[in-house]
Amino acid sequence: DENRFNLWLLAGIGVAGMFLVHIRVFLFYGIFVCLWLLYRLVAAGRGRKLDQVKHLLLGCAVIGAVALLLLTPWFLRFFDGFGSMIAGELSGGYQPERHGSYFRWRAQDLVAFGLPLWLLLLAAAGGLWGILKRNINIMLLMAWLLALFAAANTHLIGILPLYSNLVATISLYLPAATLFGYLTGELAGRAERAHIGSGSRLPRRMMQWVMVLALILIGLLGARYAAALINLPSGFVRQADLDAAEWIQDNVPQDALFHISTHFWTPDVAHGLDAGYWLPLLAHRQTTMPVQTYASDGSPEYMNLVNNRARALAATDTPEEMWQVMAQYDVTHVYLGKRPTNLNPDYFLADPAHFQPLYVENGVWVFEAIR
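Residues numbered from 1 in each chain as written. Predicted model: local features only at pLDDT ≥ 70, side-chain atom pairs only at ≥ 80, totals over all residues. Heavy atoms only, no water.

A. Just the overall build of the protein chain, in detail. Counting secondary structure elements, the protein chain contains 17 helices and seven strands. Against the globule reference of 21 Å for 371 residues, the protein chain gives a C-alpha radius of gyration of 27 Å, more extended than a compact globule. Seen through its C-alpha atoms, the protein chain measures out along the principal axes to roughly 85 × 50 × 40 Å. Counting only residues that meet the buried cut, the protein chain has 35% of its 371 residues in that class. Intrachain contacts of the protein chain at a sequence separation of at least 6 include 66% that bridge at least 24 residues. Here the protein chain has roughly 21,600 Å² of accessible surface; of this, 64% comes from carbon and sulfur atoms. (Helix = DSSP H or I, 4+ residues; strand = E, 2+ residues; numbered from the N terminus. Rg over C-alpha atoms; globule rule 2.2 N^0.38 Å. Buried < 20%, exposed > 50% of the residue type's maximum accessible area, 1.4 Å probe, protein only. Contact = heavy atoms within 4.5 Å. Areas by Shrake-Rupley, 256 points an atom, 1.4 Å probe, with all protein chains shown as cover.)

Below, the structure is given as structure tokens:
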């Protein structure tokens, strides 16, 4: 009917929006939808409810068609750039010498990059309880979790994963929150039923307030943990960097190209490590590592240029070698921000024939490559 079609239309718009906002989240969503659809089809098939099967398939077709229609302009650009690179990577399969330890799985990462141990244990308890109670929603959620990590480990059979174990681990808060909420609801329900059956004089509203206060306490503990993640060492830009950016605007040519500290967080996508990453915005000067969308919006030639240049600069062993690589790629300056990185000013000071310090203030350095 019309209402059902309108819901499918809205769902298709939502799916397209999710894809544009974050491709990996869309992959996670796709894995869950496949599991959910498989369950619904099997359940409908067993009950010989053919109408449900037809509606499910028709709904998926409409949602997919709407999303595909909205995404077509983006797809044309995507497959002309980043998509072609991904296709090349996938066709080449998993290459240990190229991908190194990027796809490895470590149990300690669950706590280091996922959630505090106590939250992980509570979420696991919620999942186990849901399985024992045969709660289909929790069982689907647990199956989704297993599928997420299975997809991140296809390199074990020679297939290049679309994301790493670390990416899946960082996203654990999504299912963990649901599992913890389910466990809390189950405990609250059991406590209330026990209270009613015991004939206790303790008011029901008082028990509800106890549960509310317990949730608030847990929330405060979680907020304290989250606040600890926002600390000064994590910040790229400091006041000293803002002062340096202002100086660069007034004293460095507009066609300057800065070498900045760079890290490849995936085998083919890198980012900066200090305020140099922000120079295009703060000082309107170009850097060897552009904004991260270079990997999704740039042409294959541009992506290769950026990545090859970053690898070549990182592979140098002496200041003179770095100077030669900088000359090859027309890199004119070096920026070292307040945030400590792998670039050290002493490295450049040791070669005054090729590098001249132009700016030294509060831990920020700007060197010029002498031509």
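B. Inspection of the pairing of strand β7 (residues 364-369) at higher detail. Among the six residues of β7, five are classified as buried, and the element is accordingly described as predominantly covered. Pairing of strand β5 (residues 333-336) with β7, which is carried by four bridges, proceeds in the antiparallel orientation. By the bridge assignment, Leu336 is partnered in β7 with Trp365. One ladder, built from six bridges, connects strand β6 (residues 355-361) with β7; its direction is antiparallel. Within β7, the position partnered with Glu361 by the bridge is Val364. Count of turn residues in the β6/β7 antiparallel hairpin: two residues, of which Asn362 carries a positive phi of about 50 degrees. (Pairing = 2+ DSSP bridges.)

C. Spotlight on a nonpolar patch on the surface. A surface patch of nonpolar side chains, about 570 Å² in accessible area, is lined by Phe5, Leu7, Leu9, Leu10, Ile13 and Leu70. Among the elements that line the nonpolar patch, the one with the most residues is helix α1 (residues 2-21), at five residues. Here Phe5 shows up in helix α1. A residue is classified by how much of its surface remains accessible, and Phe5, at 43% relative accessible area, is partly exposed. (Patch = residues over 30% accessible without salt bridge, like charges linked within 9 Å, V, L, I, M, F, W, Y side chains within 5 Å. Salt bridge = Lys/Arg side-chain N within 4 Å of Asp/Glu carboxyl O.)

D. Looking closely at the environment of Gly45. Within the fold, Gly45 resides in helix α2 (residues 23-46). Through-space distance from the C-alpha of Gly45 to that of Tyr277 is 55 Å; in sequence the pair is 232 residues apart.

E. Summary view of unusual backbone geometry. Of note in this structure, Arg134 is not a glycine but carries a positive phi near 55 degrees. Look at Asp330: it is not a glycine, yet its phi comes out positive at around 60 degrees. Assignment of secondary structure puts Asp330 in the loop between α16 (319-328) and β5.

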